[in-house]
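# Observations on chain architecture
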Amino acid sequence: MEQKTFWNDAARYGAIIGTLLAVSTLFENWATISGRSWLMSLMAVEFIVVVVLHYVLLHRYTKRYAASFSEEEGFPFTKAYGYILLLSGFAGVIVGLVQTVYLHLVMGYENYRAAYIAAMQNYLSDVQNASPAMENLMSQVFGQLEAAPAPSVMQSAWGPIWSSLLFGAVFGLIIAGVLSRAPKPFADNEQ
């Protein structure tokens, strides 16, 4: 029964984190293709808030999982780290699904790419004092973007999964290091 609860909790908490990250991804996509410079500036603040929330949620859910272990058992680093990677994997699947549906079904990748290039050109045209060398470089970058093949559905889905696992791996080192504890086999006898 405990194994079933473990997987249910990991899936539920991963889905919560994944929903947060998916909403963030949709906002970032929308803000980028809108071409509004103030929205693009707001993305920096949004990114910091999402990173902090991601960390806090991973810490909170791992701490909740650690509470299910008695002092006699302890809470090993490997269990904490594995749990964080599992939460991150579930979250990444949610983000990957949302990103794939948005890019390939709702928006259409070619439409997204055209809107992205137009927004970036508009944004960069607002920047004053662009040198001819910079304009030449940007025209090359936009040419490469237009010529690049569209990613497959699997590539669109795997990108967010790997990204979420990378964040989980980095955050997991910190969180697992803080929350892990050695077993105390004689904890009840000491009182």
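For the structure itself, look to the data block above.
Anyway, here's the lowdown on the structure attached to this text.

Scoring rules and cut-offs
- Residues numbered from 1 in each chain as written.
- Predicted model: local features only at pLDDT ≥ 70, side-chain atom pairs only at ≥ 80, totals over all residues.
- Heavy atoms only, no water.
- Helix = DSSP H or I, 4+ residues; strand = E, 2+ residues; numbered from the N terminus.
- Expected span 1.5 Å × (residues − 1).
- Buried < 20%, exposed > 50% of the residue type's maximum accessible area, 1.4 Å probe, protein only.
- Core = buried A, V, L, I, M, F, W, Y, C linked by side-chain atoms within 4.5 Å.
- Contact = heavy atoms within 4.5 Å.
- Phe/Tyr/Trp six-rings, centres within 6.5 Å; stacked < 30°, edge-to-face > 60°.
- Lys NZ or Arg CZ within 6 Å of the ring centre and 35° of its normal.
- Salt bridge = Lys/Arg side-chain N within 4 Å of Asp/Glu carboxyl O.

### A short note on helix 2 (residues 37-66)
The terminal C-alpha atoms of helix 2 lie 44 Å apart, and with 30 residues this matches the ideal 44 Å at 1.5 Å per residue to within 8%. Listed in full, the buried residues belonging to helix 2 are Leu39, Met40, Glu46, Val50, His54, Leu57, Leu58, Tyr61, Thr62, Tyr65 and Ala66.

### Considering the nonpolar core
Ile17, Leu58, Phe75, Tyr83 and Leu87 are the most contacted members of the largest nonpolar core, which has 24 residues in total. For this core, the elements supplying multiple residues, two or more each, are helix 1 (2-34), helix 2, helix 3 (77-106) and helix 6 (153-179). Ignoring sequence-local partners within four residues, the contact set of phenylalanine 75 consists of Thr62, Tyr65, Ala66, Phe69, Ala80, Leu179, Ser180 and Arg181.

### Thoughts on the environment of alanine 91
Looking at the secondary structure, you find alanine 91 in helix 3. The class of alanine 91 is buried, set by a relative accessible area of 0%. Taking the C-alpha atoms as reference points, alanine 91 and isoleucine 16, 75 residues apart in sequence, are found 7.5 Å from one another. Those residues within four positions of alanine 91 in sequence are excluded, and the remaining contacts are Gly14, Ile17, Gly18, Leu21 and Ser164.

### Comments concerning the packing of aromatic side chains
Aromatic ring pairs are reported here in terms of the distance separating the ring centres and the angle at which the planes meet. Inspection of every chain in the model, using the stated rule, returns 15 aromatic pairs. Ring geometry for phenylalanine 27 and tryptophan 30: centres 6.1 Å apart, planes at 45°, overall tilted. Remark: tryptophan 30 and phenylalanine 27 occur in helix 1; sequence separation between them is three residues, near one turn of the helix. Taking the relative accessible area as the measure of exposure, tryptophan 30 reaches 42% and is therefore partly exposed. An aromatic cluster is present here, built from Phe6, Trp7, Tyr65, Phe69, Phe75 and Tyr83 joined pairwise through their rings. Between the NZ or CZ atom of arginine 12 and the centre of the ring of tyrosine 13, over which it lies, the distance is 5.3 Å.

### Quick word on the pattern of salt bridges
Enumeration according to the criterion identifies two salt bridges in this entry. The closest approach of N and O atoms between arginine 12 and aspartate 9, which form a salt bridge, is 2.4 Å. One end of the pair, arginine 12, and the other, aspartate 9, are both in helix 1, three residues apart, so they sit about a helical turn from each other. Between arginine 113 and glutamate 110 there is a salt bridge, with its nearest N and O atoms 2.7 Å apart. With arginine 113 and glutamate 110 both in helix 4 (residues 109-126) and three residues apart, the pair spans about one turn of that helix.

### Structural notes on the environment of histidine 54
Its place among the elements puts histidine 54 in helix 2. Taking relative accessible area as the criterion, histidine 54 reaches 3% and is therefore assigned buried. Considered as a pair, histidine 54 and serine 88 are 34 residues apart in the sequence and their alpha carbons are 9.6 Å apart. Setting aside anything within four residues of it in sequence, one finds histidine 54 in contact with Ile17, Leu20, Leu21, Phe167 and Phe171.

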